[in-house]
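Listed below are the residues making up each chain.
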Amino acid sequence: MKILTTDPAREPRKIFYKRAVVDLKSGAVTYEDVPCRNLEDVLGGFGRSFQDLAARHITRAYCDENPLIVNTGLLTGSRAMTGMRTYFSGYSPIKAPQKGAPTAIWSAASGKFGAKFKWTGLDELVFENRAEKPVYVVIREGRSGPLVEIKSAEHLRGLFTHDKIMRLQKEYADAHFAAIGPAGENWEEVLMGAIACSTENQLRSGEDKSRFAGRGGMGSLMGYKNVLALVAQSKDKLAAPSDEVKRVNLNVIKGGGSLRLQPVNRGGGGGTWGAYDVMQPFHAVPVNNFRPQGNDLPEKLFRENVEKDYHIKSEACFRCGITCHNNIHERNADGSAGRFLAKFDYEPLNLLGTNLGIHDAGQAAALIHLCDNFGMDAISLGVTLSYLLSYNARHPEKPLLNGATFGDFPKIKELVERTGRGQYPEIGQGSMRLAQSTGEPAYAYQVKGLELAAYQPETNPGYAWAIAGGHMSMGTYGMLIREGKTDLDSWVQAITDDKLQIVGFDMIGLCKFFDIAKGIGTEMVRTCLRSEHGLEVSAADLRTAVRRAFLRGLVLELRQGYTREEYTLPAEMFDDPNPHLKVPRIGTREFFQELSERVWAVFEEELDEFLQEVGAAE
Ligand code: SF4
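Right, let's walk through the structure included here. Here the residue index of a chain counts from 1 through its sequence in written order. Given that this is a predicted model, residues contribute local features only at a pLDDT of at least 70 and side-chain atom pairs are listed and counted only at 80 or more, while totals for whole chains, interfaces and linings are drawn from all residues. The side-chain numbers reported here are obtained from all heavy atoms of the structure, hydrogens and water having been left aside.

1. Regarding the pairing of strand S13 (residues 227-233)
When accessible area is computed with a 1.4 Å probe and restricted to protein chains, residues below 20% of their type maximum are described as buried, those above 50% as exposed, and intermediate ones as partly exposed. Put simply, DSSP H or I for four residues or longer makes a helix, DSSP E for two residues or longer makes a strand, and each gets a number counted from the N terminus. Buried residues dominate S13, accounting for seven of its seven residues. Here the rule is simple: two strands pair whenever DSSP picks up at least two bridges between them. Across six bridges, strand S8 (residues 135-142) lies against S13 in parallel orientation. Residue Arg140 lies in a different strand from S13, and its bridge partner there is Gln233. As paired strands, strand S10 (residues 175-179) and S13 are joined by five bridges and run antiparallel to one another. Looking at S13, one finds that His176 is bridged to Ala232.

2. Here's the deal with the site of the ligand
Any residue with at least one heavy atom within 4 Å of a molecule or strand is counted as near it. Taken together, Thr82, Ser110, Ala316, Cys317, Cys320, Ile322, Cys324, His325, Cys511 and Phe513 make up the full set of residues near the ligand. When residues are sorted by character, Ala, Val, Leu, Ile, Met, Phe, Trp, Tyr, Cys and Pro go into the nonpolar class, Asp, Glu, Lys and Arg into the charged class, and all the rest, Gly among them, into the polar class. In terms of residue class, the shell around the ligand is made up of seven nonpolar, three polar and no charged.

3. As for the nonpolar core
Leu230, Trp465 and Phe603 are the most contacted members of the largest nonpolar core, which totals 205 residues. In this description, contact between two residues means that some pair of their heavy atoms is separated by no more than 4.5 Å. Dropping the residues within four chain positions of it, Trp465 is found in contact with Lys448, Met474, Ile495, Phe550, Leu554, Tyr567, Phe592, Leu595, Ser596, Val599, Trp600 and Phe603. In terms of nonpolar packing, the next biggest core, distinct from the first, is built from five residues, Met84, Ala115, Trp119 and Phe318 among them. We define the nonpolar core as a collection of buried residues of types Ala, Val, Leu, Ile, Met, Phe, Trp, Tyr and Cys that are connected through side-chain atoms lying within 4.5 Å of one another.

4. Focus: the sheet that holds strand S14 (residues 310-315)
Here three strands make up an open sheet; going across it, the order is S14-S15-S16 and the pairing antiparallel. For this open sheet the edge positions go to S14 and strand S16 (337-344), each flanked by a neighbour on one side alone. For this sheet, the mean angle separating the axes of adjacent strands, direction not counted, is 30°. For helices, the axis comes from a line fit to the C-alpha atoms of the stretch in contact; other axes are also lines fit to C-alpha atoms, and the angle between any two N-to-C directions lies between 0 and 180 degrees. Against the sheet, helix H12 (residues 361-374) engages S14 and S16, with an angle of about 70° to S16.

5. Thoughts on unusual backbone geometry
The backbone of Arg319 sits at a positive phi, close to 65°, despite the residue not being glycine. Mapped onto the elements, Arg319 comes out in the loop between S14 and strand S15 (325-331). Classification of Arg319 as partly exposed rests on a relative accessible area of 34%. In this structure, Leu401 is a non-glycine residue whose phi angle is positive, near 50°. Within the element layout of this structure, Leu401 appears in the loop between helix H13 (378-394) and helix H14 (409-420). Residue classification places Leu401 among the partly exposed positions, given a relative accessible area of 31%.

6. Description of the sheet that holds strand S9 (residues 145-152)
Spatially, S9-S8-S13-S10-S11-S12 is the arrangement adopted by the six strands of the open sheet, whose pairing is mixed. What marks the edges here is a single partner per strand, and that holds for S9 and strand S12 (211-213). The average undirected angle you get between the axes of adjacent strands in this sheet is 20°. Against the sheet, helix H4 (residues 161-171) makes contact with S8, S10, strand S11 (195-197), S12 and S13, and its axis sits at roughly 150° relative to S10, the strand it touches most.

7. Regarding the pattern of salt bridges
Any Lys or Arg side-chain nitrogen located within 4 Å of an Asp or Glu carboxyl oxygen qualifies as a salt bridge. On inspection of all chains with the given rule, the structure shows 51 salt bridges. Between Glu200 and Lys112 there is a salt bridge, and its shortest N-O distance comes to 3.0 Å. Linking Glu200 in helix H6 (residues 200-205) with Lys112 in the loop between strand S6 (104-109) and helix H3 (113-119), this pair joins segments that are 88 residues apart in sequence. Judged by relative accessible area, which is 27%, Glu200 ranks as partly exposed. One salt bridge in this structure joins Asp497 and Arg543, with 3.2 Å as the shortest N-O distance. With Asp497 in the loop between helix H18 (488-496) and helix H19 (505-508) and Arg543 in helix H21 (residues 539-559), this residue pair connects regions lying 46 residues apart in the sequence. Owing to a relative accessible area of 27%, Arg543 belongs among the partly exposed residues under this scheme. Several salt bridges share partner residues, and in doing so they unite Arg19, Glu32, Arg37, Asp41 and Asp52 into one network.

8. Focus on H18
Within H18, seven of the nine residues are buried, leaving the element largely enclosed by the surrounding structure. All of the buried residues along H18 are Leu488, Ser490, Trp491, Val492, Ala494, Ile495 and Thr496. Tucked inside the fold, the buried residues of H18 contact H21 and helix H23 (589-613).

9. A short note on the packing of aromatic side chains
Side-chain rings of Phe, Tyr and Trp (the six-membered ring for Trp) are treated as a pair once their centres are within 6.5 Å; stacked means planes under 30 degrees apart, edge-to-face means over 60, and tilted covers the remaining angles. Throughout the structure, instances matching the rule amount to 24 aromatic pairs. Taking the centre distance of 5.2 Å and the plane angle of 80° together, the rings of Trp273 and Phe344 count as edge-to-face. Of the two residues, Trp273 sits in the loop between helix H8 (243-254) and helix H9 (275-279) while Phe344 sits in strand S16, which places them 71 residues apart along the sequence. Between the aromatic rings of Phe574 and Phe592, the centroid separation amounts to 5.7 Å while the plane-to-plane angle is 55°, which identifies the pairing as tilted. With Phe574 in helix H22 (residues 571-575) and Phe592 in helix H23, this pair connects stretches of sequence that are 18 residues apart. Through a chain of ring-to-ring contacts, the aromatic side chains of Tyr276, Phe302, Tyr346, Tyr455 and Tyr477 assemble into a single cluster. Lysine NZ or arginine CZ positioned within 6 Å of the ring centre and within 35 degrees of the ring normal marks a charge as sitting over the ring. Sitting above the plane of the Phe318 ring, Lys112 keeps its charged end 3.8 Å from the centroid. Seen from the ring of Tyr424, Arg418 lies directly overhead, with NZ or CZ sitting 4.6 Å from the centre.

Here is the structure:
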């Protein structure tokens, strides 16, 4: 970024980001310093890419006019803790209205690829058209700025995500990598392809410990473009943090927001995995396609139980003190770590474990490992699988595919492998389309075509308005269980104001755990912007920019053909309430109807302006 002002909210045009546009058809690369239009452009991530996507009218995800935009946020590669994020944006192959065009989406990954990318001097890379043959793309720092080069990827074809990264690591020293797997290469049959971003730990240990940009099928779009991997090669550019940033980083670790994500030995809940312990007392851990049975089966995947048989290590991305993920290894006879099996984050563990009727840690690890290596979104894959298993359980006389039902590990494993290879497009296309083909949509746990994360919709009506999938873009998932909120006023306020602020982290380059409750409009973020970039931004301006970006996302959905009726939750939740869920019942049609009217009444006042902006007013 070239920054010629201290006031990005009022003088955004005095800030320039470095963009490279790669025409994959001709091989031409153009570089420009682009002046920012507004604070969203300055912050980056989806706040910027959605403005560019809004300028395009895309009716099919797999077309040359649909770009893949790779960018970072203003604090990616900075000294602010968690400043690791890379964002991949485009029109999604998987998220679409029932009858309509694909929807703009982004997905985000941690790991170290984003920081390396930033340190090459590039802020954004836009892929136009598609390459005729498989390629990978190298971004490196040249003498007078970043350089982007296209290379043949014949040798990478068909390799798992991790194997592609390992192969490239041999060729590129001091680099980090983003790669798709076979699923993304089979983009026609698999719409839920993810992008793996390498971590320090992975490159050091040789174990497949990538972080993933999973939501929305950006790996499939990358596969369509015939780009199999990205390499970001640059020196690390991190000086010691200023005293102010040091204090902020300490506060992120100790200040409460991330405490429950800290490792158990530091007094935390043990990473995202800890959500099992929080939700099981309410029988709210999804089991067998989101139908908890009121028993203690989920406890088999509690950390304390898994620990009896496996070696567990809490680990973090580069320089992050939050340490939110857990890596599971076999345990050697002396208690030390044996073969690496998989990482246990809450969503993959639940959606590829308990929610499929799999309660054995080794089996769950095998499914996560396969999903990661084929390069699929664990949420979309897990939920589509659980729908299929549920369908088969309800139709034993005419089951689909290999006839798998809950808990049948060998058959579920086969489903995962064959989906990743493009042999089961029924699963690869996601749960909305699968449910359309069976004619039984009520128990497909998706909203607006994107599968729900591992939180019961009964506990979270806010999911209906999330623009990039449940928990990534609407932080309402703890409102009932953690905060005990059951009144309409609180829910309207949360959905239309406070809890949409979580999405700001997908603009600025930080993980949501930086301050999950408050979004980016905080003193901590302001301090980092001042210290890292000399920028003065008020908390109010930050909140306004996040809100504008969110509303733009909502308008982009409406433009692509969503009806108001699609802003809803799975019908089973309303019509066949689960008696085992021990939470106050706000998931009634009446509650939701009233909520919906009040939410739209608030948003509508502001949507007109954005309809004009994205050219949807006519
Ligand atoms: S919060 Fe978790 S995902 Fe984010 S940088 Fe830290 S360890 Fe990585």
